[in-house]
Structures are given as structure tokens and as C-alpha cells.
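Single-letter residue listing:
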Amino acid sequence: MRKHLRLLALSPMLAVAGLAGAAMLAPAAPAHSQSLGDIMGSAKKVLQAATVSDQQIVAYFGQMSDQMDQQNPLAPASNAYAVRLAKLTRGLDRYDGLTLDIRAYLVDEVNAFAMGDGTVRVYSGLMDAMTDDEVRCVIGHEIGHVKLEHGQKRLKRALQQDAALSIAGTASGDVRQLANSQLGGLLQNVMHAQHSQSAETASDDYALTFMAANGYNQQGCPSAMDKLAALGGGGGIALLQTHPNPAARAKRMRKQIG
Ligand SMILES: [Zn+2]
């Protein structure tokens, strides 16, 4: 099993161009307009991506995690957001095989993400909008994407679409580091896109289990959805650009909680 993989949560929801990544994943051209060389090249890329090692995947996600921390201001330990986040996740050092590193970004966006190495980042804008249990539910949902390996599937798809990444991913033996330009493209592909409805539903279910397992109030989940729905009127909410209708998700979760 791939317990130690650093997988990116699937629902990374950067506010920018939410659908750009999805568009980039679409086939570039219909087959009839491709030369034989193009088709052979595509087939080769798919083959290479299929053989990318778990070790290489770990390295890519580690690089993306570091890149995100370089691009966004982490709240220092004494900052009010850091203090609150540490308090509301106290005792949550490990969950479902992951050692968690939960920290806040001082970024005014309603956003959060998790990586398979246990990196969890919650944006200060989300913390302003949500109660402790609502924040916990979002964290559980993001961990769900990681543990259900949605991010790994997205990464492999991205590798299939990019020759440079495919080649980098097939270095046998030692792990290759990506150039910054390549990393930018990968982040674009992996982070700025929506997950499938079924993946989101599975992560919502995971979040409800996460809440119960840690003694948190499960009502924080539908309540978080209500908040998102209310915020949605103004537009520009990162979590809404990458996620399905929050009202429908709230209704479904309330039924599950009973
Ligand atoms: Zn999600």
C-alpha cells in the first residue's frame, strides 16, 4: 500500500482560474488531425506516465507542498490565526496513518488544502468565515481527498498530458526534481481544477467520519456548507469555484447525520 505517499488533496481551490486546469487536461486535438508521429508520441507519454514510480510521485508532491509554502505567507506561531488553529486541532497530530502538519496562511481567501504527507493549510479568510467545527469539517474533507487518492489520479493524468513531466517522471533509480517552470505547470494541472462529483461526495462522507472519530460535532459539516452557500452570492469564493453546490451537499449530509 502507499501509506507514505505525499498525495495532494484533490480539492485544491485556489481562487484563480478555477477551471483552467480542467481545460488543460482536455485532449488537445481530435485524433484525425494528428500525425502518426503525434499519436506515437502520445502513446509513449501514456506509457511513461503509467510507469511513474511511487517514489517519484512522493517527490513531486513534496515539491508542490514546498512551493505553496513559498508562495503564501504562513502565520507565525504567535499569530492569532495560528493560535486558534492549533487550539481547534489540539490532539490531532495523527489521523488515518497521516502525521499532520496543520498551519494557517495569512491569505484572505475562503480556501484550504491538504497534501498526502500530512500538510494541511487553512487560509485566514476561511477561518474568519467559519466556526471551529466548520473549519474542522473542511480539514476532514481535504484529508479525505488525500486518503482516497484523488490527487494521485489527477497527477498521473497531468503527467500523461505533458511530455516534459512524463520524461522527468521516468528517471529510473534516483528521484528527479522538477524545474520551477515544470512545477508551475503541474500545480496548474493538479490544483486549479474541480474533482468529480463522486470524489466530492466520498470526501464529504470521509469528513463526517473524521468528525465523529475525533469527537467533533458533525453538524459542523452541513453548517460549513450553509456558510459557503451564503457567501456564494458575492462570487469569488475559492471553495465554490472548485466544489459542487453547497446547499445540495448540506442537505445530503444532514440526511446522513440523521
Ligand atoms: Zn473537495
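Look up a bit, the structure's there.
In what follows, the accompanying structure is described. It should be emphasised that the depicted structure is a prediction, and the values quoted were computed from it without experimental measurement.

The next subject is the overall build of the protein chain. Across its full length, the protein chain holds 13 helices and five strands. Taking all 258 residues of the protein chain together, the buried fraction comes to 42%. Within the protein chain, contacts between residues separated by at least 24 positions form 73% of all contacts whose residues are at least 6 apart in sequence.

This part takes up helix H10 (residues 197-213). With 17 residues, H10 should cover 24 Å at 1.5 Å per step; its first-to-last C-alpha distance of 24 Å lies within 8% of that length. Where H10 is concerned, the buried positions are Ala199, Glu200, Ser203, Asp204, Tyr206, Ala207, Leu208, Phe210 and Met211.

Time to look at the nonpolar core. In this structure, Val122, Leu126, Ile139 and Cys221 are the most contacted members of the largest nonpolar core, which totals 48 residues. Leave out the neighbours within four places in its chain, and valine 122 touches Leu85, Ala104, Ala112, Met127, Val135 and Ile139.

Moving on, we come to unusual backbone geometry. Even without glycine at this site, aspartate 96 takes up a positive phi of about 50°. Assessed through the 15 C-beta atoms surrounding it within 10 Å, aspartate 96 is described here as partly exposed.

What follows concerns the pairing of strand S5 (residues 119-123). The buried fraction of S5 is high, at five of five residues. Taking every second residue as pointing to the same face, both faces of S5 are buried, with Thr119, Arg121 and Tyr123 on one and Val120 and Val122 on the other. In the sheet, strand S3 (residues 101-105) pairs with S5 via five bridges, with the strands oriented parallel. Directly across from isoleucine 102, in S5, lies its bridge partner valine 120. In this structure, strand S4 (residues 112-114) lies alongside S5, joined through three bridges in antiparallel fashion. Within S5, the position partnered with phenylalanine 113 by the bridge is arginine 121. Between S4 and S5, which pair antiparallel one after the other, the connecting turn spans four residues, and glycine 118 there sits at a positive phi close to 95°.

Looking now at the packing of helix H6 (residues 132-147) against H10. Two numbers describe how H6 lies on H10: the axes approach to 7 Å, and their chain directions differ by 125°. Taken together, the axes of H6 and H10 are oblique relative to one another. For the element pair H6 and H10, the recorded crossing hand is right-handed. Residues Arg136, Cys137, Gly140, His141, Ile143, Gly144, His145 and Lys147 of H6 pack against Ala202, Ser203, Asp204, Tyr206, Ala207, Phe210 and Met211 of H10.

A few words on the packing of helix H11 (residues 220-231) against helix H13 (residues 246-257). Relative to each other, H11 and H13 sit at 165°, their axes nearing to 8 Å. Relative to H13, the element H11 is oriented roughly antiparallel. Crossing of H11 against H13: the hand is left-handed. On H13, the residues touching Cys221, Pro222, Met225, Asp226, Leu228 and Ala229 of H11 are Pro246, Ala247, Arg249, Ala250, Met253 and Arg254. By residue class, the composition of the contact of H11 with H13 is nine nonpolar, no polar and three charged.

What counts and what doesn't
- Starting from 1, residues in each chain are numbered consecutively following that chain's sequence as written.
- Where totals are concerned, whole chains, interfaces and linings use all residues; where local detail is concerned, this predicted model gives features only for residues with pLDDT of at least 70, and gives and counts side-chain atom pairs only at 80 or more.
- Runs of E in the DSSP output that reach at least two residues are strands. Runs of H or I that reach at least four are helices, and both are numbered from the N terminus.
- Residue burial is a threshold on neighbouring C-beta atoms within 10 Å of the residue's own C-beta, all placed from the backbone, with 20 or more meaning buried, 12 or fewer meaning exposed, and counts in between meaning partly exposed.
- Residues are scored as being in contact if the C-beta atoms we place from backbone atoms lie within 7 Å.
- Helix span is expected to be 1.5 Å times the residue number reduced by one.
- Linking buried Ala, Val, Leu, Ile, Met, Phe, Trp, Tyr and Cys residues through C-beta atoms within 7 Å yields a set, and such a set is a nonpolar core.
- Pairs of strands are assigned from DSSP output, requiring at least two bridges between the strands.
- Note on definitions: angles span 0 to 180 degrees between N-to-C directions of axes, and those axes are lines fitted to C-alpha atoms, for helices only across the stretch in contact.
- Here the word oblique covers every angle except those under 35 degrees (roughly parallel), over 145 (roughly antiparallel) and from 65 to 115 (roughly perpendicular).
- Crossings are assigned a handedness: left-handed for a near helix turned anticlockwise from the far helix by less than a right angle, right-handed for a clockwise turn.
- Under this grouping Gly is polar, as are all residues other than the nonpolar Ala, Val, Leu, Ile, Met, Phe, Trp, Tyr, Cys and Pro and the charged Asp, Glu, Lys and Arg.

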